[in-house]
Amino acid sequence: MEALKAELKAKIIEVLNLEDISVEEINDNDVLFGDGLGLDSIDALELIVLLDKDYGIKLTDPKEGKNIFQSINTMAAYIEANRKK
């Protein structure tokens, strides 16, 4: 699971063009939206595409994303339980 968390951090930085943040600066429990990493609704759409493209997970209910995208830990746990790739 640690490898998946590191992979997720790197992909989030790459996909969202967070050039001023390094993998080491993102804590597994950091809040991704709002006061945490500061992501917004456009970033959420990018994360949904990332889940589909890289892990074969299709989110059909946008409300699901709110729970899944709370932190790196919640994303990794969801991917582990639901990945198709």
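Residues numbered from 1 in each chain as written. Predicted model: local features only at pLDDT ≥ 70, side-chain atom pairs only at ≥ 80, totals over all residues. Heavy atoms only, no water.

Peer 1: Could you clarify how one ought to interpret the environment of G65 in this entry?
Peer 2: For G65, the location among the structural elements is in helix α3 (residues 62–68). Classification of G65 by relative accessible area gives buried; the value is 8%. Sequence separation between G65 and N82 is 17 residues; the distance between their C-alpha atoms is 14 Å. (Helix = DSSP H or I, 4+ residues; strand = E, 2+ residues; numbered from the N terminus. Buried < 20%, exposed > 50% of the residue type's maximum accessible area, 1.4 Å probe, protein only.)

Peer 1: Please clarify how the nonpolar core should be interpreted in this entry.
Peer 2: In a soluble, globular protein the nonpolar side chains are often hidden away together inside. If you look at the biggest cluster of nonpolar residues, it comprises 22 residues, and the most contacted ones within it are L8, L51, Y55 and M75. The dominant element in this core, judged by the number of residues it contributes, is helix α4 (residues 72–82), at five residues. Each residue touching Y55, except ones within four places of it in the same chain, is listed here: L4, E7, L8, K11, L50, I79, R83, K84 and K85. (Core = buried A, V, L, I, M, F, W, Y, C linked by side-chain atoms within 4.5 Å. Contact = heavy atoms within 4.5 Å.)

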